[in-house]
Amino acid sequence: MKIYVDTPEKTAEAVAKKYVALLAEKPNAVLGFATGSTPLGLYAELAKLCAENKISFKDVSTFNLDEYLGLDGTHDQSYRYFMNKNLFEKIDIDISRTRVPSGIDTDPEKAAQYDKDIEAAGGIDLQLLGLGNNGHIGFNEPGTPFGSVTHIVELTDSTRQANKRFFNSIDEVPTHSVTMGIKTVMNARRIILMALGKGKADIVKKFIQGEVTPEVPASVLQLHPDVEVYLDFDAASLL
Ligand code: F6R
């Protein structure tokens with residue numbers, strides 16, 4: 001794992017440069033995207049670079065990590081809505097080539113089809129990840145088997161509490177989500193994980209320097225050959 005530490009702003013710029021380089025080399029790359037607070041600076045930077053014609057997503061295909069179960073894409077807390085508002089509507093992407101797992105389909109077989117669709121698209125060239133306070137990647141909560149493919153999960157209380165800031169009350173936070181599995185993520189050719197803020201410092205130390213264990217899902221990244229970790233000074237403060 002390569003680790004980079006800087007301010008949140010410089011981190012977003014540095015990661016955006018990686019996308020510029022990748023798409024210059026492979027304009028039809030397959031990108032795996034994440035939602036949450038962490039990538040917002042990056043998405044703003046990508047939108048800016050696109051407006052300046054320094055990057056184009058015209059031929060790109062995308063697969064998002066996860067979606068809340070029970071929310072359709074028009075719900076303002078769905079991850080489809082988040083992606084449309086924060087990135088897809090601000091860049092020159094063909095929206096029909098953007099995929100977010102369905103929050104409405106609750107058939108486990110259909111969830112696993114997502115992996116086949118990724119494979120059929122040529123596999124993910126670059127997967128972006130955030131990091132949950134409990135070490136989750138996607139919505140793969142502690143204990144998820146490393147061999148898991150896209151599946152439906154029950155969210156832990158800690159994840160629902162962490163995400164209630166976006167809802168009116170805890171009761172409105174969905175109890176389940178559909179997420180790429182750990183194996184789906186590990187199949188990506190390259191992975192960039194971003195983590196920002198003091199609140200992530202403990203889990204950053206654990207997943208980078210601790211034991212590789214399903215109890216810390218992100219620790220599996222120690223086994224991947226091409227992972228870059230971008231941290232701000234706060235998130236890196238315990239390393
Ligand atoms: C989002 C996702 C989650 C988040 C994680 C961190 O698609 O899969 O794993 O990346 O919960 O969220 P933030 O960035 O809001 O701290």
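Everything that follows concerns the structure shown earlier in this document.
Residues numbered from 1 in each chain as written. Predicted model: local features only at pLDDT ≥ 70, side-chain atom pairs only at ≥ 80, totals over all residues. Heavy atoms only, no water.

## Concerning helix α2 (residues 40-51)
Turning to step 1, where the next piece is worked out: For α2, with 12 residues, the first-to-last C-alpha span of 17 Å sits near the 16 Å given by 1.5 Å per residue.
Turning to step 2, where the next piece is worked out: Turning to α2, its buried residues number three or more, namely Leu 42, Tyr 43, Glu 45, Leu 46, Ala 47, Leu 49 and Cys 50.
Turning to step 3, where the next piece is worked out: Where α2 is buried, its residues contact α1 (8-25), β2 (30-33), α3 (79-86), β6 (126-129) and β9 (190-195).
Turning to step 4, where the next piece is worked out: Following α2 by one or two positions, Asn 53 has its phi on the positive side, about 60°. (Helix = DSSP H or I, 4+ residues; strand = E, 2+ residues; numbered from the N terminus. Expected span 1.5 Å × (residues − 1). Buried < 20%, exposed > 50% of the residue type's maximum accessible area, 1.4 Å probe, protein only. Contact = heavy atoms within 4.5 Å.)

## Points about the side chain of Thr 159
Turning to step 1, where the next piece is worked out: Looking at where Thr 159 falls in the secondary structure, it is placed in helix α5 (residues 157-163).
Turning to step 2, where the next piece is worked out: On the accessibility criterion, Thr 159 (3% relative accessible area) is buried.

## Things to note about the layout of surface pockets
Turning to step 1, where the next piece is worked out: Reported here for the largest pocket is a volume of approximately 550 Å³.
Turning to step 2, where the next piece is worked out: Breaking the lining of the largest pocket down by element, the ones donating at least two residues are β4 (66-68), α3 and α5.
Turning to step 3, where the next piece is worked out: Ranked by the residues each element gives to the lining of the largest pocket, the list is headed by α5, at 4 residues.
Turning to step 4, where the next piece is worked out: Residues of the lining of the largest pocket, tallied by class, amount to 12 nonpolar, 15 polar and 4 charged.
Turning to step 5, where the next piece is worked out: Empty space within the second largest pocket amounts to approximately 180 Å³.
Turning to step 6, where the next piece is worked out: Together, Asp 115, Lys 116, Ile 118, Glu 119, Gly 123, Ile 124, Val 149, Lys 183, Thr 184, Asn 187 and Ala 188 line the second largest pocket.
Turning to step 7, where the next piece is worked out: Residue assignment for the lining of the second largest pocket shows that the elements contributing at least two residues are α4 (108-120) and α6 (182-186).
Turning to step 8, where the next piece is worked out: Tallied by class, the residues present in the lining of the second largest pocket amount to 4 nonpolar, 3 polar and 4 charged. (1 Å grid on protein atoms, 1.4 Å probe; cavity = no way out; pocket = protein on both sides within 12 Å on 5 of 7 lines; lining within 4 Å. Points joined across faces, edges and corners; volume = space filled by probe spheres on them. Nonpolar A, V, L, I, M, F, W, Y, C, P; charged D, E, K, R; others polar.)

## Description of the sheet that holds strand β7 (residues 151-154)
Turning to step 1, where the next piece is worked out: Taken together, the 3 strands give an open sheet; going across it, the order is β4-β8-β7, and neighbouring strands pair in antiparallel fashion. Every interior strand has two partners, whereas the edge strands, β4 and β7, have only one. Across this sheet, the average inter-strand angle for adjacent strands is 25°, counted without regard to direction.
Turning to step 2, where the next piece is worked out: The pairing of β4 with strand β8 (residues 176-179) spans 3 bridges and is antiparallel. Its bridge partner lying in β8, Tyr 68 is registered against Ser 177. (Pairing = 2+ DSSP bridges. Axes fitted to C-alpha atoms, helices over the stretch in contact; angles between N-to-C directions.)

## Quick word on the packing of α1 against α2
When two helices pack together, their arrangement is given by the angle between the helix axes and by the axis-to-axis distance.
Turning to step 1, where the next piece is worked out: The interhelical angle for the contact between α1 and α2, taken along N-to-C directions, is 50°, at an axis separation of 9 Å. The angle between α1 and α2 places the two elements in the oblique class. For the pair α1 and α2, the crossing hand works out as right-handed. The segment α1 lies against α2, with Ala 12, Glu 13, Val 15, Ala 16, Tyr 19 and Val 20 engaging Gly 41, Leu 42, Glu 45, Leu 46 and Leu 49. (Parallel < 35°, antiparallel > 145°, perpendicular 65-115°, else oblique. Left-handed = near helix turned anticlockwise from the far one by under 90°.)

Structural measurements only, silent on function.
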